[in-house]
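# Chain and residue survey
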Amino acid sequence: MNCLQNLPRSLVSPLLGFGGNQRDPCSSSLKMLLPIRANDPKLRLVLQAVSDSKSSTDMSGGVSKEEEDKSDEYSQDMTQAMGAVLTYRHEFGMNYNFLRPDLIVGSCLQTPEDVDKLRKIGVKTIFCLQQDPDLEYFGVDIRSIQAYAKTFTDIEHIRCEIRDFDAFDLRMRLPAVLSTLYKAVKRNGGVTYVHCTAGMGRAPAAALTYMFWVQGYKLMEAHKILMSKRTCFPKLDAIRNATIDILTGLKKKTVTLTLRDKGFSTVEISGLDIGWGQRIPLTLDKGTGFWSLKRELPEGQFEYKYIIDGEWTHNEQEPFTGPNKDGHTNNYAKVVHDPTSVDGATRERLTSEDPELLEEERLKLIQFLETSSEAEV
């Protein structure tokens, strides 16, 4: 992951267990400065949602320039943040794909009439992962959609927020979100419609996790099915880490970042566990002459960047990566517990390319889903 420069500042609260980061949402329209090299064939993964449904938008009146521009901007942000060329055309209406006869991944509902469209194909649960800024950006009136869904007894609208373009928030939120999804599917049966904004990141990840944890698939087996049905880019490492967090316990260690003062006015960091669209300030100890920040982090490797008086840089006195594919050098913090323990062996196995759950592990995950607090808002 690379630094995102010139983004609005937003402070965050500490992690609250599996509930994820209780943070100010990052606007969907932020410019994510993660350049994609057009001449790199590995990165020219052109992903565009293909509709299995009729458009929920009446195209007879044409599409406005403003609508097209918003879709272009969102697609650019998504492409740069996700590391693959992604295209979403909001003005063409809701689009979706069946992964299984009982599971659909798609883009967001835009009008109450979209509820009718989903009822006609047997959907019993509409599972929305969007945050308020996502809805506001495209002018979606979620309250009218929710109110209309409540007029029926054969469909339920549920909303569980995950921040867009944020793999760490996805990791931390997946356990509670999947608990809510699991209970809704048991309660309502039928077909479940999981969606975010474009249906290319958060929603595919949630559906993939459900297939992995609940429906008996190996992770890459489920991923192959997903990619054969819908072009998307779910963050697999977030799913692997969320799985391990439940099975081994969400262990955290305190990490301290330090930077020697050289007359700086402000020092902040971005990345780490708060995402590249957020910043958090360091505190200057005038006695020692160091800026510092303490964070409790779960296991994993977390890249970050310093912002000193508005300038993005890395600290050569802390571990740092070599230049990545975009030419950026980032600092990183690596949190590792005892690798020789049983939990360490579990982590090693489940962070492999194609992890497979043991039967007792899947039962433990399902027990967690059944007993965990839900994440509905």
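Residues numbered from 1 in each chain as written. Predicted model: local features only at pLDDT ≥ 70, side-chain atom pairs only at ≥ 80, totals over all residues. Heavy atoms only, no water.

The protein chain has the name Dual specificity protein phosphatase 4 in an unreviewed UniProt entry, where Brassica oleracea var. oleracea is given as its organism. In its Subcellular location (unreviewed entry) section, the UniProt record describing the protein chain reads: "Plastid". (UniProt positions renumbered as here; feature names shortened; annotations may be inferred.)

Once that is clear, we can look at the overall build of the protein chain. What the protein chain contains, in helices and strands, is 10 helices and 17 strands. In the protein chain, which comprises 377 residues, the share counted as buried stands at 53%. A sequence separation of at least 24 residues applies to 77% of the contacts in the protein chain between residues at least 6 apart. As displayed, the protein chain has an accessible area near 16500 Å², and 50% of this comes from carbon and sulfur atoms. (Helix = DSSP H or I, 4+ residues; strand = E, 2+ residues; numbered from the N terminus. Buried < 20%, exposed > 50% of the residue type's maximum accessible area, 1.4 Å probe, protein only. Contact = heavy atoms within 4.5 Å. Areas by Shrake-Rupley, 256 points an atom, 1.4 Å probe, with all protein chains shown as cover.)

This part is about the sheet that holds strand E13 (residues 283-285). Spatial ordering of the open sheet is given by E10-E14-E13, a layout of 3 strands whose pairing is antiparallel. What marks the edges here is a single partner per strand, and that holds for strand E10 (252-260) and E13. Across the sheet, the mean angle from the axis of one strand to that of its neighbour is 35 degrees, orientation sign disregarded. In this structure, E13 lies alongside strand E14 (residues 290-298), joined through 3 bridges in antiparallel fashion. Bridged to threonine 283 within E14 is serine 292. (Pairing = 2+ DSSP bridges. Axes fitted to C-alpha atoms, helices over the stretch in contact; angles between N-to-C directions.)

Met78, Leu129, Leu178, Tyr193 and Trp213 are the most contacted members of the largest nonpolar core, which has 75 residues in total. Counting residues per element, this core draws most heavily on helix H6 (residues 202-213), at 9 residues. The residues contacting leucine 129, other than those within four sequence positions of it, are Cys160, Glu161, Ile162, Val177, Val194, His195, Cys196, Arg202, Ala203 and Ala206. In terms of nonpolar packing, the next biggest core, distinct from the first, is built from 20 residues, Phe168, Val255, Leu293 and Phe302 among them. (Core = buried A, V, L, I, M, F, W, Y, C linked by side-chain atoms within 4.5 Å.)

Another aspect to go through is the pairing of E14. In terms of strand pairing, E10 meets E14 through 9 bridges, oriented antiparallel. Within E14, the position partnered with threonine 254 by the bridge is glutamate 296. Hairpin geometry of E13 and E14 is characterised by an intervening segment of 4 residues between the two adjacent antiparallel strands and by a positive phi of about 80 degrees at glycine 289.

Relative to the elements of secondary structure, aspartate 273 occurs in the loop between strand E11 (267-271) and strand E12 (275-281). Of note is the side chain of aspartate 273, whose polar atom sits 2.9 Å from the side chain of arginine 295. (Polar contact = N/O pair within 3.5 Å; in protein donor to acceptor, adjacent residues only side chain to side chain.)

Quick look at the packing of helix H5 (residues 167-188) against helix H10 (residues 359-371) now. In contact at an axis separation of 8 Å, H5 and H10 are set at 80 degrees when each is read in the N-to-C sense. Taken as axis vectors, H5 and H10 run roughly perpendicular relative to one another. Residues Pro175, Leu178, Ser179, Tyr182, Lys183 and Lys186 of H5 lie in contact with H10, whose contacting residues are Ile366, Phe368, Leu369, Glu370 and Thr371. By residue class, the composition of the contact of H5 with H10 is 6 nonpolar, 2 polar and 3 charged. (Parallel < 35°, antiparallel > 145°, perpendicular 65-115°, else oblique. Nonpolar A, V, L, I, M, F, W, Y, C, P; charged D, E, K, R; others polar.)

Here the focus is the sheet that holds strand E6 (residues 103-106). Strand order in the open sheet made by the 5 strands is E5-E6-E9-E7-E8, with mixed pairing throughout. Of all the strands in the sheet, the pair left with one neighbour each is strand E5 (96-100) and strand E8 (156-159). With strand direction ignored, the average angle separating the axes of adjacent strands in the sheet is 20 degrees. Most of the contacts of H6 go to E6, to which it runs at about 160 degrees, and overall it touches E5, E6 and strand E9 (191-195).

In this section: the packing of aromatic side chains. Applying the stated criterion across every chain, the model contains 11 aromatic pairs. Centre to centre, the rings of tyrosine 304 and tyrosine 306 are 5.8 Å apart; their planes meet at 70 degrees, and the pair counts as edge-to-face. For the pair tyrosine 304 and tyrosine 306, a shared accessibility class is recorded, and that class is buried. A cation sits over an aromatic face here: lysine 70 above tyrosine 137, 4.2 Å from the ring centre. One residue, arginine 119, lies across the ring of phenylalanine 152, its end atom 3.8 Å from the ring centre. (Phe/Tyr/Trp six-rings, centres within 6.5 Å; stacked < 30°, edge-to-face > 60°. Lys NZ or Arg CZ within 6 Å of the ring centre and 35° of its normal.)

On to the layout of surface pockets, then. The space that makes up the second largest pocket amounts to roughly 240 Å³. Contributing to the lining of the second largest pocket are 14 residues, with Leu259, Arg260, Lys262, Asn315 and Gln317 lying nearest its centre. The element that contributes the greatest number of residues to the lining of the second largest pocket is E10, accounting for 3 residues. (1 Å grid on protein atoms, 1.4 Å probe; cavity = no way out; pocket = protein on both sides within 12 Å on 5 of 7 lines; lining within 4 Å. Points joined across faces, edges and corners; volume = space filled by probe spheres on them.)

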